[in-house]
Amino acid sequence: MSEFAQQLLRRIEAIDTAAADNRRRAQAYEQMAGELKDVTAEAVSPDGAVRVVAGAGGEVKAVTFGERFRDLPPAALSAAVMHTLAVARAAAARRQAEVVRRGLGDTELLDRVLDADENTFGDQRPKHPGPARVFVPPREEEPLESVDQLFEERSAVPPPPPPAPTPVPSRAPAAHRRPPAQDDEPFEETDLFADGSGR
């Protein structure tokens, strides 16, 4: 076989291999697209009051409430919804990255796309918000100064009662009292506001 024929075969083989790679890659993309479309993640608040289901793009697919939500004041319920929503979106983003990693072996392309979205549209990647704050119902006698006090940790032991007032000893009557002093001069009634005109 001539040198030209060998080169031609190598080029045909390279094109065929590239085509096969492209077909495999196209199949992988198609499979990834199907899996990404179906990615969902669910998060439930620690007290079970709120349940959120989020999709791959961070869209909220469902928000439902358990019986416990009736015990929460509006501010605490709002905080529980927002926190649970953030947890569900972060979990969906993790599952989305897992799908891409299985399909492509890494998430480099996904990272580049998300970076471009962040630069172009200001879209922030979903991040886990950390642990949820636990609602502690306030005692009746304690007025709240801010919404944050709904979530403060309270000690299980109530504060000690204030000390009882110390009794003040009653004064015993004095045994010897001095009689009031007597004026030597008789009292004269005078008008302190008189202007001297004799009125």
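Residues numbered from 1 in each chain as written. Predicted model: local features only at pLDDT ≥ 70, side-chain atom pairs only at ≥ 80, totals over all residues. Heavy atoms only, no water.

- In the nomenclature of an unreviewed UniProt entry, the protein chain corresponds to YbaB/EbfC DNA-binding family protein from the organism Amycolatopsis thermoflava.

**Quick word on the overall build of the protein chain**
Step number 1: Of the regular secondary structure elements, the protein chain holds three helices and three strands.
Step number 2: Reading the protein chain from its N terminus to its C terminus gives the helix and strand order α-β-β-β-α-α.
Step number 3: Taking all 199 residues of the protein chain together, the buried fraction comes to 19%.
Step number 4: For the protein chain, contacts bridging at least 24 residues in sequence account for 46% of all contacts bridging at least 6.
Step number 5: Carbon together with sulfur atoms contributes 55% to the accessible area of the protein chain, which is approximately 16,100 Å² in total. (Helix = DSSP H or I, 4+ residues; strand = E, 2+ residues; numbered from the N terminus. Buried < 20%, exposed > 50% of the residue type's maximum accessible area, 1.4 Å probe, protein only. Contact = heavy atoms within 4.5 Å. Areas by Shrake-Rupley, 256 points an atom, 1.4 Å probe, with all protein chains shown as cover.)

**Focus: the pairing of strand β3 (residues 60-65)**
Step number 1: As judged from the five bridges shared by strand β2 (residues 50-55) and β3, these two strands associate in the antiparallel manner. Residue pairing in the sheet places Ala54 in a bridge with Val60 of β3.
Step number 2: Where β2 folds back on β3, the antiparallel hairpin that results is connected by four residues, among which Gly58 adopts a positive phi of roughly 90°. (Pairing = 2+ DSSP bridges.)

**Digging into the packing of helix α1 (residues 3-37) against helix α2 (residues 74-104)**
In helix packing, the relevant descriptors are the interaxial angle and the interaxial distance, both defined with respect to the helix axes.
Step number 1: Packing of α1 against α2 brings their axes to within 10 Å, and their N-to-C directions diverge by 165°. Relative to α2, the element α1 lies roughly antiparallel. Where α1 crosses over α2, the handedness of that crossing is right-handed. Taking contact as the criterion, the partners of Ala28, Tyr29, Met32, Glu35 and Leu36 in α1 are, on α2, Gln96, Val99, Val100, Arg102, Gly103 and Leu104.
Step number 2: A class-by-class count of the residues in the contact of α1 with α2 yields seven nonpolar, two polar and two charged. (Axes fitted to C-alpha atoms, helices over the stretch in contact; angles between N-to-C directions. Parallel < 35°, antiparallel > 145°, perpendicular 65-115°, else oblique. Left-handed = near helix turned anticlockwise from the far one by under 90°. Nonpolar A, V, L, I, M, F, W, Y, C, P; charged D, E, K, R; others polar.)

**Quick look at the confidence of the model for the protein chain**
Step number 1: For the protein chain, the average pLDDT comes to 75, and 67% of its residues sit at 70 or higher.
Step number 2: In the model, residues 153-160 has pLDDT below 50 throughout and makes six contacts with residues more than four positions away in sequence or in other chains. (pLDDT = per-residue confidence, 0-100.)

**Description of a nonpolar patch on the surface**
Step number 1: A grouping of Phe4, Leu8, Leu9 and Ile12 is seen on the molecular surface, where their side chains present a nonpolar patch of about 400 Å² in accessible area.
Step number 2: Locating Leu8 in the fold gives a position in helix α1. (Patch = residues over 30% accessible without salt bridge, like charges linked within 9 Å, V, L, I, M, F, W, Y side chains within 5 Å. Salt bridge = Lys/Arg side-chain N within 4 Å of Asp/Glu carboxyl O.)

**Comments concerning the sheet that holds β3**
Step number 1: Here we have three strands laid out as an open sheet, ordered β1-β2-β3, and antiparallel in their pairing. Pairing within the sheet leaves two strands with one partner each, and these edge strands are β1 (40-44) and β3. Each strand of the sheet is rotated relative to its neighbour by a mean of 10°, with strand direction disregarded.
Step number 2: Against the sheet, α2 makes contact with β1, β2 and β3, and its axis sits at roughly 35° relative to β2, the strand it touches most.

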